[in-house]
Amino acid sequence: MASTDLVHAHAAPQGFIRKYIFSLDHKVIGLQYYFLALIAVFTGMFLSLLMRIHLIWPTAQLPLVGEIKPETYLGLLTMHGTIMVFFVLTTAPQSGFGNYFLPIQIGAPDMAFPVLNMLSFWTTFVAFVVLISAFFVGGGAPLHGWTGYAPLSALPNAGPGQQLGADLWITSIAIFCVASLMGALNFITTTLDLRAKGMTLMRMPLTVWAWFITAILGLLAFGVLLSAGILLLLDRNLGTSFYVPLVVVNGQVMGHRGGSPLLWQHLFWFFGHPEVYIAILPGMGVASQLISTFSRKPIFGYRAMVYALMAIGFMGFMVWGHHMFMSGMSPYSAFAFSLMTMAIGVPSAIKTFNWLGTIWGGKVRLYSPMLFAIGFVSLFVSGGLSGPFLAQPVLDIPLHDTYFVVGHFHLIMGVAAIFGIFAATYYWFPKMFGRKMNETLAKVHFFVTLLGTYAIFMPMHYLGMAGQTRRYSQFTEVAYQTKLIPLQTFMTYAAFVTIAVQLVFLFNLFWSMKKGEKASDNPWEATTLEWTTATPPPHDNFGGRTPVVNHGPYEYSVPGAARDYTMQTDPATAPVD
Amino acid sequence: MADVAVEQHGVAAAYEPSLFGTYSKKIGMWLFLLSDSLTFGALLYAYSYGRISTPNWPTPFHSESIRNATLMTAFLLTSSLTMVLAVRASVFGKGKAVRGWLLATMACGTAFVILHGHEWSNLIAEGLTLPVFPAVPGHEASKEFANVSRTVPQFPATFFGLTGMHMLHVTLGVIYLGIVALRKKFIPILLGLWLVAWLATPSYSPFHYGAHVLLLAAIAASVIVFLKPKVYDSSDVEVAGLYWHFVDLVWMFIFPLVYLMSTRIL
């Protein structure tokens, strides 16, 4: 067996299908995930646009969809949330960029299980197709929101979308769970087993740490959602009553009895809260990497950053009850969940201060990836500050079913994670495609998006405190809510602008692939392993050799060094660590 | 699947030593079992939730059910022993003995599934049933079981949910071992089993439709064998063994919780 075969398990594929469609190469699979997420994010964004239009012009005749009825609005809401949470926030930062760059950043030729990697992408793809198909079946998309609360989700006759549409929704989620489990165990095994010589755990880039810990969260969380989904399918199709008590729907007594809707809430949020961190941790990793690189300074408190990631991941499993303060839980449980939730603020604050400490006094280069990384920190703080409010049962109960919560999680989990994806896209685009993205368009994209998202989501906090309820399709019928419509109108106009500027990003992405300025192998003068290899990286990442690592990931501006960055593979001249 | 890791033995010097000092496939399987234990954990949680929140949880199982379940347990425990012997034979490179012990393990697993299916059919005929299972023709439902199904639907729901999920795991385990032992030669056997299971079960039985799991598994196995056409070595036997023992371990939770704690004498 030739030596290259020893390092790399599978030969470079020949035909188009094995090279670009059913590829085993983690880089191709990463791009497949990325483009799937790109399709998903524009789909989800289009749905949110329809919702925003409906909120201020409830009777408008829209092209393509006509007048949006209340049940259509709830269907849009469900599908927007599900697509965004599962197929964008979970798929792009973790499965997309993680797949592409985790093996390269640790010096591995590929993932530990390439076939499993391919299967996990195609399973995700099937899940996406099944989810989208819910739009086109009789009754349309389900009404129960992305959280799928029982008994609404468990009773097929509870509403028009609750028939086949809801079955498809649950099936899609179950398939997605299986795909995520395959991906997660692949990520963990790769990180444990395939680190190049010298890549000790404490020399791993913080992106790798973030992907690694996210994978552990996924491994532990998705298995529970899978069970919850199976039981929900049984309730719907085999007549069991896990989640359904004795209920009357439209004057008709259902055959169920004895079940508990709270069981679904427990199982769902045991998954659901770690899921929030699955969405945001990769963004934290990217922000750490970029802020260090573009400030030309080592990351402030590398070890603290690693331990904070671990603490957030660990505590993330103990706070699911804060989504259920409304369920009438014992005040003692609520107190414990509340305390633990506020304690998560500590590692989060450690990360934030370390990011600021890294920028402080650095020679900051404000390229577009850095702008988006700073935007990430900004949104993380703005969205995070409303967290301690909602962590307290006494404040959560009046705020919970209002726009306050919508504003909170869109800022911290939605848009912050999206900014992480944008930052990663602008940063790694030169490595993936050999060209840089247009910097002017990128800056326009950044400033409009940052201001636009604040304009959309900040007012939601005021709406919530004023008592505007979430998930209502129309506010024109209730006197006190009509007074708030001008603010909703402002948010819709802000959404028009913000969505329009995303088309600039899309144009920049595809235009730069063909026409962008050619990039060198290390355009940002960064230190990690992906910048030591060719652009784009060859099939086995390092052209038949395995890199030897001598330095930590963020050795910038080392005193006495010839240049202001020391690559991880540079010879170990000065004593390190 | 862990081709990179297996090859890695040859170029170990190029990499940091693995954190757990073992090959990737084994770590991958342990991770899968970790996540699967949470999947079963959620089901057991749902069972406990239902049981605790239901006043007067019924305890209808007769000694007949318990005898049957004990026999099933014996088969499953024996299969763990034969699995250990298969792993041991594979370490010493005795290919024939490996295959023999794997087939013995599969036989025990199959006996477990068949006994379990028999038990399900009897219970359904006696009236412990889910709303969608059709009534068994020519059978008089016992008053007690029918009463349990009507008044505490949580009982049959958790019973069929938990044991069904476990039975699915055992079935997939038998197929997994079959692929390890016989490679692509197992696929026609599997298709044969599917036809037998489908045709031999009456149309009112849940196993009539459940048999299609075998067809789906045969399709999935064909894809995997097509993608990874290789001879399995001792590491594959060991990893398959991990899965098999885990499925046994799960039964050690389900048997007392679902059967023994719901026996009439208690």
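Residues numbered from 1 in each chain as written. Chains lettered and ligands numbered in written order. Predicted model: local features only at pLDDT ≥ 70, side-chain atom pairs only at ≥ 80, totals over all residues.

Trainee: I would appreciate a short explanation of the overall build of chain A in the present structure.
Mentor: Helix and strand counts for chain A come out as 18 helices and two strands. Relative to the globule expectation of 25 Å for 577 residues, the C-alpha radius of gyration of chain A, 24 Å, shows essentially globular dimensions. With the C-alpha coordinates of chain A rotated into their principal frame, the extents come out at 80 × 50 × 50 Å. (Helix = DSSP H or I, 4+ residues; strand = E, 2+ residues; numbered from the N terminus. Rg over C-alpha atoms; globule rule 2.2 N^0.38 Å.)

Trainee: Can you help me understand the overall build of chain B in this one?
Mentor: Along the backbone of chain B there are ten helices and zero strands. Secondary structure elements of chain B, listed N to C terminal, follow the sequence α-α-α-α-α-α-α-α-α-α. Overall, chain B is about 70 × 40 × 25 Å in size when its C-alpha atoms are taken along their principal axes. Within chain B, the proportion of its 266 residues that are buried is 41%. (Buried ≥ 20, exposed ≤ 12 C-beta atoms within 10 Å, placed from the backbone.)

Trainee: Before we go on, may I ask you to explain the interface of chain A and chain B in this structure?
Mentor: Bring the parts together and some accessible area is lost; that lost area is often taken as the interface size. Between chain A and chain B, the residue contacts involve 44 residues of the former and 41 residues of the latter. Here the side of chain A that touches chain B is built from residues that sort into 26 nonpolar, 13 polar and five charged. (Contact = placed C-beta atoms within 7 Å. Nonpolar A, V, L, I, M, F, W, Y, C, P; charged D, E, K, R; others polar.)

Trainee: Teacher, can you tell me more about helix 4 (residues 70-89) of chain A here?
Mentor: Residues lying three or four places apart along an α-helix face the same way, a consequence of the helix completing one turn every 3.6 residues. Residues and elements named next belong to chain A. The end-to-end C-alpha distance of helix 4 is 27 Å, a good match for the 28 Å that 20 residues give at a rise of 1.5 Å each. Of all the bends in helix 4, the largest measures some 25 degrees and sits at isoleucine 83. Along helix 4, 17 of the 20 residues are buried, which leaves the element largely enclosed by surrounding structure. (Expected span 1.5 Å × (residues − 1). Bend = angle between axes of the 7 residues up to and from the residue.)

Trainee: What should I look at first to understand the packing of helix 7 (residues 164-193) of chain A against helix 2 (residues 24-53) of chain B in this one?
Mentor: The description of two packed helices rests on the angle between their axes and on the distance between the axes. Remark: helix 7 of chain A packs on helix 2 of chain B, axes separated minimally by 9 Å, with the N-to-C direction vectors making an angle of 135 degrees. Between helix 7 of chain A and helix 2 of chain B, the angle falls in the class oblique. Crossing of helix 7 of chain A against helix 2 of chain B: the hand is right-handed. Of the residues in helix 2 of chain B, those in contact with Leu181, Leu185, Ile188, Thr189, Leu192 and Asp193 of chain A of helix 7 of chain A are Ser24, Ile27, Gly28, Leu31, Phe32 and Ser35 of chain B. Considering only residue class, the contact of helix 7 of chain A with helix 2 of chain B consists of seven nonpolar, four polar and one charged. (Axes fitted to C-alpha atoms, helices over the stretch in contact; angles between N-to-C directions. Parallel < 35°, antiparallel > 145°, perpendicular 65-115°, else oblique. Left-handed = near helix turned anticlockwise from the far one by under 90°.)

Trainee: Where do I start with the environment of leucine 379 of chain A in this structure?
Mentor: Residue and element names in this part refer to chain A. Locating leucine 379 in the fold gives a position in helix 12 (residues 368-385). Leucine 379 sits 209 residues away from isoleucine 170 along the chain, and the two C-alpha atoms are 31 Å apart. Discounting residues that sit within four places of it in the chain, leucine 379 has contacts with Leu411, Val415, Ala416 and Phe419.

Trainee: Sorry if this is basic, but what is going on with helix 7 (residues 186-200) of chain B here?
Mentor: Residues and elements named next belong to chain B. Across its 15 residues, helix 7 extends 21 Å between first and last C-alpha, which sits within 8% of the 21 Å expected from 1.5 Å per residue. Among the residues of helix 7, those classed as buried are Phe186, Leu190, Leu193 and Ala197. One side of helix 7 carries all its buried residues, which in axial view fall inside an arc of 60 degrees. For helix 7, exposure combined with an orientation more than 90 degrees from the buried face picks out Pro188, Gly192, Val196 and Leu199. Where helix 7 is buried, its residues touch helix 6 (154-182), helix 8 (206-210) and helix 9 (212-227). (Arc of directions from axis to C-beta.)

Trainee: Just checking my understanding: could you explain the nonpolar core for this structure?
Mentor: Within soluble globular proteins, side chains that are nonpolar tend to cluster in buried spots. All names here are of chain A. Of all hydrophobic cores here, the largest spans 247 residues; its most connected members are Ile188, Leu225, Ala287, Ala373, Phe376, Ala416 and Ala423. With 22 residues, the top contributor of residues to this core is helix 8 (residues 206-237). Contact partners of alanine 423, with chain neighbours within four places excluded, come to Val286, Ala287, Leu290, Pro369, Phe372, Ala373 and Phe376. (Core = buried A, V, L, I, M, F, W, Y, C linked by C-beta atoms within 7 Å.)

Trainee: So what exactly am I meant to see when it comes to the confidence of the model for chain A here?
Mentor: Do not read the predicted coordinates in detail wherever pLDDT is low. Residue and element names in this part refer to chain A. Predicted confidence across chain A gives a mean pLDDT of 93, with 97% of residues reaching 70 or more. Taken element by element, the predicted model of chain A shows its lowest mean pLDDT in helix 1 (residues 3-7) (34) and its highest in helix 10 (residues 302-315) (97). Note on residues 1-8: pLDDT under 50 across the span, and 15 contacts to partners over four residues away in sequence or across chains. (pLDDT = per-residue confidence, 0-100.)

Trainee: Is there a simple way to explain unusual backbone geometry in this structure?
Mentor: The bulk of non-glycine residues show a negative phi, and the bulk of peptide bonds are trans. Across the junction of alanine 150 of chain A and proline 151 of chain A, the peptide omega takes the value 0 degrees, indicating a cis bond. Within the secondary structure, proline 151 of chain A is located in the loop between helix 6 (114-133) and helix 7. Here the residue pair threonine 535 of chain A and proline 536 of chain A is connected by a cis peptide bond, since its omega of -15 degrees sits within 30 degrees of zero. Position of proline 536 of chain A relative to the elements: it lies in the segment after helix 18 (485-515). Positioned with a positive phi, arginine 296 of chain A is a non-glycine residue whose angle comes to about 55 degrees. Of note, arginine 183 of chain B is a non-glycine position whose phi angle comes to about 50 degrees, a positive value. Locating arginine 183 of chain B in the fold gives a position in the loop between helix 6 and helix 7.

Trainee: Looking at this structure, I do not really get the environment of leucine 36 of chain A. What am I missing?
Mentor: Residues and elements named next belong to chain A. Summarising the element assignment, leucine 36 is placed in helix 3 (residues 26-56). Leucine 36 gets classed as buried once you count the C-beta atoms within 10 Å, which come to 20. Expressed as a C-alpha distance, the spacing of leucine 36 and phenylalanine 422, which sit 386 residues apart in the sequence, is 15 Å. Each residue touching leucine 36, except ones within four places of it in the same chain, is listed here: Phe87, Thr91, Thr124, Phe125 and Phe128.

Trainee: Explanation requested: the environment of tryptophan 194 of chain B in the structure shown.
Mentor: When you line up the elements, tryptophan 194 of chain B lands in helix 7. In sequence terms tryptophan 194 of chain B and leucine 115 of chain B are 79 residues apart; their C-alpha atoms lie 17 Å from each other.

Trainee: Would you mind showing me how to read the packing of helix 4 (residues 95-126) of chain B against helix 6 of chain B here?
Mentor: All names here are of chain B. At a closest axis distance of 9 Å, the pairing of helix 4 and helix 6 adopts a crossing angle of 155 degrees. Classified by the angle their axes make, helix 4 and helix 6 are roughly antiparallel. As for the relative orientation of helix 4 and helix 6, their crossing is left-handed in sense. Counting all contacts with helix 4, which are made through Arg99, Leu102, Leu103, Thr105, Met106, Gly109, Thr110, Phe112, Val113 and His116, the residues of helix 6 involved are Thr163, Met167, Val170, Thr171, Gly173, Val174, Leu177, Gly178, Val180 and Ala181. Tallied by class, the residues present in the contact of helix 4 with helix 6 amount to eleven nonpolar, eight polar and one charged.

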